[in-house]
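Here is how the chains run, residue by residue.
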Protein chains: 2
Amino acid sequence: MKDLKTLLNEAESCNSLFENSIRAVEIPTCKDFLKDGVLHPVKFSSMGKPLTTKDTEKVNTAFPKTSTASGNQIVEANGINDNVIHNKRVAVLFSGGPAAGGHNVVVGLKRILGNNNTLLGVKAGPKGLLEGNLFEISDSDVNKIVNTGGFDFLGSDRTKIKTDSQFHQVKETCIKYKLDAIVVIGGDDSNTNAAVLAEFLFKNIKEDGSGVQVIGVPKTIDGDLQIGDLLPISFGFDTATKIYSELVGNILQDTPSSRKYWHFIKLMGRSASHVALEVALQTKPAITLISEEIAEKKMSLEEIVDSIAKVVVSRAKKGINHGVILIPEGIIEFIPEMTALISELNEKMAEFKDILANKEPGEEKRDFIYAKLTATNTKLMATLPDYIEDMLLADRDSHGNLQVSLIPTERLLIDMTARRVKELDTHVKFNTHNHFFGYEGRCGAPTLFDATYTYNLGLTAGSLILADKTGYIASIMNLDHGGKPIALPLTGLLNIERRHGHDEMVIEKALVEVNSNAFKYFSSRRETWASSDLFSSPGPRQLWGPASQQIPVTVALNRKYTSLLFDF
Amino acid sequence: MKDLKTLLNEAESCNSLFENSIRAVEIPTCKDFLKDGVLHPVKFSSMGKPLTTKDTEKVNTAFPKTSTASGNQIVEANGINDNVIHNKRVAVLFSGGPAAGGHNVVVGLKRILGNNNTLLGVKAGPKGLLEGNLFEISDSDVNKIVNTGGFDFLGSDRTKIKTDSQFHQVKETCIKYKLDAIVVIGGDDSNTNAAVLAEFLFKNIKEDGSGVQVIGVPKTIDGDLQIGDLLPISFGFDTATKIYSELVGNILQDTPSSRKYWHFIKLMGRSASHVALEVALQTKPAITLISEEIAEKKMSLEEIVDSIAKVVVSRAKKGINHGVILIPEGIIEFIPEMTALISELNEKMAEFKDILANKEPGEEKRDFIYAKLTATNTKLMATLPDYIEDMLLADRDSHGNLQVSLIPTERLLIDMTARRVKELDTHVKFNTHNHFFGYEGRCGAPTLFDATYTYNLGLTAGSLILADKTGYIASIMNLDHGGKPIALPLTGLLNIERRHGHDEMVIEKALVEVNSNAFKYFSSRRETWASSDLFSSPGPRQLWGPASQQIPVTVALNRKYTSLLFDF
């Protein structure tokens, strides 16, 4: 028998008992890829449904090659691809923030490309593509990463490829490594980038005049890359929301145990409230704020705070001095008066950028900006605590946007709610804690759903490449019955949006719809959840046993599935 | 088939698929309790080992009845108790912060007391015992709570029973409910309280002159209630550290994925660093601070910061601009210069309490106190950021102690490290995030180990009651081979400690020992972990499958077990 120290040393570098055990978990495969139990790439045929947006005409003009080639038609897996393809060289890269399951996309790609073709990994994201930092991925590599979390096998970054010189760097990398195809694993912006790359690389890249195919894979824990039944969810969302739900569930269970705290929990997820809504449906806390509803109802900060305070007071009257409130990361930008304030601030900060650079943070900076704002905004600024004002005046990100994730919204709401509760009833006990769950949800071991979904997305992306497709994003439909590999033309997803002062063609972020089934169900239950403790928890993610097959509740409701479990 | 909304409604109130599934998990039982596969209470016999501390003589004088009755002898399970006991009425209560597995202690008690006896639940902790807030626990209650996390079935609080009038309130409750025994599920302070109650209730409580037995059960996520092989660990520690380890593991996996952040993570656990050490052994981050080592080596804050900064710089030279640092919650109190400062502050704040009450927080309060401190302490105060100074001057808890958990040590270390890194090398990138993991670890569903351990602790506590024992704490030895139910005389655990200016007899908190096997193993590996990424993760807690039987690594190392898995 090995001694304990040897066992512990051997567990280093992701070789714990759990990590080694999950590598051996067999991943369900869509039946389209199987013939006599053996894995095969699939062919694709049109579903007879073009994919369009309000701006399709202009997009087709801007993307003539890829839009013509695809006819903006959605394609679906349609039988085994019997052409044995040799010697394709395919590069794969991660783009943007990590999400659980990314490694299994690589595993799926490697296994479907097989030994006849070569899979190369791009190190450190789009930047690695520009710098030509690629290496060949081996079978032993994929055996090591299968079913594990993180993007650490390749690394990632947030570089956007948009300048001419960047496009030519990509072309050089394609030539240097004799690439036939690139797979971009990323979110809305990265897939927008994939659409642009697909068009640029369509032909005349290599010596023989041929092009380089580009295929996207939908990743983001935020869940804001989803297109109805056609792209039910981006990968990583299920794992992140299950991690957050377990933590929220644990804290909910703590509240009637210790009987004295309100926990204000901010959840990662950028603008959209998909994460908050999913976690709410999994855990049933007293209050969940949904940014999109706040925008729809044009609620003021004061109204939001008042609605929270009233729940606090009414629970206190029943002897319940505890509760949990979920707050979406991006909420500030959905409160109309705050949007107006931030928008004027963005404008003035850009206008007076040089002067502001020489002002001290704090009072000096505040006083200068105050004098430039409209009366309404000056007044609103004055009601906010100092630390929020300082955040609103902090440096913008490289896209000129306020970094909403840095705003301590949870503290703002606690402070304002405490004040309001005291106004409503001085006897109410209101002790609080605040949390921000974000980074801990991006790189956990994938749920069995995310592990399965990503592996099959990898098989789909690889099949698209072997079928000579370009400018598509891989997807799987019908998650509750069988799983159907399909692909959406990227040009069919592009809209014209005003960004940084000019029009851009981008994939629109999917927000929570207040008339969706998921929101309506939430809305039908929330008063009941607010009035007493009815919380629940999906528990820690199980890779084995009876609770391992769950899919996101929001997806099941919105897609009108007949089950909360996946069935591939 | 049920529609989704019905399924979702039915999941409310802790009835998710996971929660319902864990209720059906069969819990391993120590063979001592089984005869022909049927559950039986056990008898106890002396192990021939008295339990003593440096103050045993004085303790025996202060606790004449219970110390004489037990002879301070450790007892072990020794065969089935064939006397069929009828009509015992037993109350059970949770005391202090919640910990995973508490519900299973209740389940074990209920099942071992059987239908011949009555189990009553005390609502809301010791306060409920004073107020006489008890109810009878039914079989269906225990079927609902089995294997679930939290203390919410009964609730808990932190009331200490120490005044004469409180003791008489307890006596009244005993009479009112005709109690024969009380089980106190709590940490070091609560079990100290149990020792005092056992002595007070020893006899002449009920009309027939008999007393009320008191049995303790060792709970605390902090792990600071452990006594070598005799009490390998308190329950809740395994679950909390596995929850934190998964989160730390997720963040570790994120660091080489996004390649740009240092995460400073503070971990709950009060004074002792058991939690931080366990999480370090589970996850192998670049740096883990251990308070007890800092005290032992008399390190200054500056030296600690310097040691962190040097790791940051040396990793940066290898192109690693990321990492994770674990910080125990109570670290501040183990830095000798900080202890001296806090001690003088505690003194001066008590001395000038009335004057301070009228001072504004911030500059006014600071200036007043500064003038009262020694030169060394005034100088140290001046090097600390304002927000730390304000915390050090914040209101004390009801015991006159600084609330260390409120000090943002992680921010302090980030700010000071950033300054030091810049001094060492201006080119090093040092982007940071900070986290505090605490409340999310107390009420999660118990690990299979904690579920098993607590159920068997409940069986042991119930057996002690049926064997007419009082003044004992239940324990299980030999976790890696069979599990052996034993009980330790509470008087044998008491030491004299100076608290709030006078001597008290208390159970001493177990701290991390720098010459323990666990610390020595950590110490032998940490430089390797600091120099490159060798991290690992125990994963989310699994209730099924190959990774479900793990015990804490620190326990396995310190107890020289031959396995990292439990075997009951």
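All figures in this text were calculated on a predicted structure; none of them were measured in a lab.

What counts as what
- Residues numbered from 1 in each chain as written.
- Chains lettered and ligands numbered in written order.
- Predicted model: local features only at pLDDT ≥ 70, side-chain atom pairs only at ≥ 80, totals over all residues.
- Least-squares fit on C-alpha atoms with pLDDT ≥ 70 in both.
- Contact = placed C-beta atoms within 7 Å.
- Core = buried A, V, L, I, M, F, W, Y, C linked by C-beta atoms within 7 Å.
- Buried ≥ 20, exposed ≤ 12 C-beta atoms within 10 Å, placed from the backbone.
- Helix = DSSP H or I, 4+ residues; strand = E, 2+ residues; numbered from the N terminus.
- Domains from an automatic or database assignment.
- Pairing = 2+ DSSP bridges.
- Axes fitted to C-alpha atoms, helices over the stretch in contact; angles between N-to-C directions.
- Nonpolar A, V, L, I, M, F, W, Y, C, P; charged D, E, K, R; others polar.

Remarks on the relation of the copies chain A and chain B
Reasoning step 1: Expressed as a screw transformation, the operator carrying chain A onto chain B has a rotation angle of 180° and an axial translation of 0.0 Å, and the superposed copies differ by an RMSD of 0.0 Å. Accordingly, the operation relating the two chain copies is best matched by a two-fold axis.
Reasoning step 2: When the interface residues of chain A are mapped onto chain B, 100% of them are again interface residues, pointing to one common binding face.

Quick look at the nonpolar core
All names here are of chain B.
Reasoning step 1: Ranked by internal contacts, the top residues of the largest apolar core, which has 165 residues, are V183 and L326.
Reasoning step 2: The leading source of residues in this core is helix 20 (residues 448–466), at eleven residues.
Reasoning step 3: Both domain 1 (27–236 + 444–507) and domain 2 (238–441 + 515–545) contribute no fewer than three residues apiece to this core.
Reasoning step 4: Not counting the four nearest positions on each side in its chain, L326 is found in contact with V248, I265, L267, A276, V279, A280, P285, T288 and L289.

A word on the sheet that holds strand 13 (residues 323–328) of chain B
Residue and element names in this part refer to chain B.
Reasoning step 1: One open sheet accounts for four strands, arranged 12-13-11-14; its pairing is parallel. Single-partner strands in this sheet number two, and they are strand 12 (287–288) and strand 14 (432–437).
Reasoning step 2: Across two bridges, strand 12 lies against strand 13 in parallel orientation. Its bridge partner being in strand 13, T288 is matched across the sheet by L326.
Reasoning step 3: Sheet contacts for helix 10 (residues 237–258): strand 11 (262–267), strand 13 and strand 14; angle to strand 13, the most-contacted strand, approximately 155°.

A look at the domain arrangement of chain A
Residues and elements named next belong to chain A.
Reasoning step 1: When cut into domains, chain A gives domain 1 (34–236 + 444–507) and domain 2 (239–441 + 515–546).
Reasoning step 2: Look at where the C-alpha atoms of domain 1 and domain 2 centre, and you get two points 35 Å apart.
Reasoning step 3: With 13 residues of domain 1 at the contact, the number on the domain 2 side is 16 residues.
Reasoning step 4: Here the side of domain 1 that touches domain 2 is composed, by residue class, of four nonpolar, six polar and three charged.

Digging into the sheet that holds strand 14 (residues 432–437) of chain A
Strand pairing in a sheet relies on backbone hydrogen bonds, with the paired strands running either antiparallel or parallel.
All names here are of chain A.
Reasoning step 1: With respect to topology, four strands assemble into an open sheet ordered 12-13-11-14, the strand pairing being parallel. Looking along the sheet, the strands with just one partner apiece sit at the ends: strand 12 (287–288) and strand 14.
Reasoning step 2: Of the strand pairs in this sheet, strand 11 (residues 262–267) and strand 14 are connected by six bridges, and their pairing is parallel. Note that in strand 14 the partner of W262 across the bridge is T432.
Reasoning step 3: In this fold helix 10 (residues 237–258) packs onto strand 11, strand 13 (323–328) and strand 14, with an angle of close to 155° to the strand it touches most, strand 13.

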